[in-house]
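Notes for the structure review
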Amino acid sequence: MYICLTADNSKKALLVNFCIAYKGILKKHQLLATEMTGKHVEQATGLPVIKFLPGGMGGGHQLTNEIMNGDIGLMICFHGSAYTSGFEDDYEEIARLCVLYNVPLATNIATAECLIQCLMRGDF
């Protein structure tokens, strides 16, 4: 399954820690991320990550294309304040497309942990 990971700067450490904690589950899947998020995850976990452009340079659009193509099985998208992140337009489009294409979307750590546990049990 393709799992897409993205986080704005204020949430990258949280996402990296999540990936470290669930490395055993994530290593069984293909990870996708925007450039900086992917680099952080790779460095911290040693897991390979297919990296898109930085979010502000079209990475968000690349991710939305993957959702529309039906390639994403699970989306983990941690964002901070909509007023300070610069990520709000991409986030809104990602969320809209996840609803439209029925892609499970975690926007916080609690939901991400629930979804990763479901993935581990084979519920997807």
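Residues numbered from 1 in each chain as written. Predicted model: local features only at pLDDT ≥ 70, side-chain atom pairs only at ≥ 80, totals over all residues. Heavy atoms only, no water.

Helix and strand content of the protein chain: 6 helices and 5 strands. The C-alpha radius of gyration computed for the protein chain amounts to 13 Å, which stays within 12% of the reference 14 Å derived for 124 residues, consistent with globular compactness. Taking the principal axes of its C-alpha atoms as reference, the protein chain extends roughly 35 × 30 × 25 Å. Per-residue burial for the protein chain yields a buried fraction of 43% across its 124 residues. For the protein chain, contacts bridging at least 24 residues in sequence account for 64% of all contacts bridging at least 6. Surface summary for the protein chain: the accessible area is close to 6400 Å², and the carbon and sulfur share equals 52%. Both charge centroids of the protein chain, one from 9 positive and one from 12 negative side chains, sit 11 Å from each other. (Helix = DSSP H or I, 4+ residues; strand = E, 2+ residues; numbered from the N terminus. Rg over C-alpha atoms; globule rule 2.2 N^0.38 Å. Buried < 20%, exposed > 50% of the residue type's maximum accessible area, 1.4 Å probe, protein only. Contact = heavy atoms within 4.5 Å. Areas by Shrake-Rupley, 256 points an atom, 1.4 Å probe, with all protein chains shown as cover. Lys, Arg positive; Asp, Glu negative; His and termini not counted. Charge placed at Lys NZ, Arg CZ, Asp CG, Glu CD.)

As a further point, take helix α4 (residues 59-68). Residues G59, G60, L63, T64, E66 and I67 constitute the buried set of α4. All buried residues of α4 lie within an arc of 155 degrees about the axis, which places them on one face of the element. Just downstream of α4, G70 is the residue with a positive phi angle, here 80 degrees. (Arc of directions from axis to C-beta.)

Relative to the elements of secondary structure, T45 occurs in helix α3 (residues 35-45). There is a polar contact of 2.6 Å between the side chain of T45 and the backbone oxygen of V41. Within polar-contact distance, the side chain of T45 engages the backbone nitrogen of L47 at 3.0 Å. Ignoring any residue separated from it by four or fewer positions in sequence, one finds T45 in contact with C19, I20 and K23. (Polar contact = N/O pair within 3.5 Å; in protein donor to acceptor, adjacent residues only side chain to side chain.)

The next subject is the sheet that holds strand β2 (residues 30-34). Strand order in the open sheet formed by 5 strands is β3-β2-β1-β4-β5, with parallel pairing between adjacent strands. The outermost strands of the open sheet, each flanked by one partner alone, are β3 (49-52) and β5 (105-106). Relative to β2, strand β1 (residues 2-7) is paired through 4 bridges, and the arrangement is parallel. Across the sheet, I3 pairs through a bridge with L31, a residue of β2. Across the face of the sheet, α3 comes into contact with β1, β2 and β3 while running at roughly 160 degrees to β3. (Pairing = 2+ DSSP bridges. Axes fitted to C-alpha atoms, helices over the stretch in contact; angles between N-to-C directions.)

Attention now goes to the packing of helix α1 (residues 12-21) against α3. Contact geometry of α1 with α3 gives a least axis separation of 9 Å together with a crossing angle of 40 degrees. With respect to each other, α1 and α3 are oriented oblique. Remark: the crossing between α1 and α3 carries right-handed chirality. Packed against α1, whose contacting residues are K12, L15, V16, C19 and I20, the element α3 presents M36, T37, H40, V41, A44 and T45 at the interface. The residue inventory of the contact of α1 with α3, partitioned by class, reads 7 nonpolar, 3 polar and 1 charged. (Parallel < 35°, antiparallel > 145°, perpendicular 65-115°, else oblique. Left-handed = near helix turned anticlockwise from the far one by under 90°. Nonpolar A, V, L, I, M, F, W, Y, C, P; charged D, E, K, R; others polar.)

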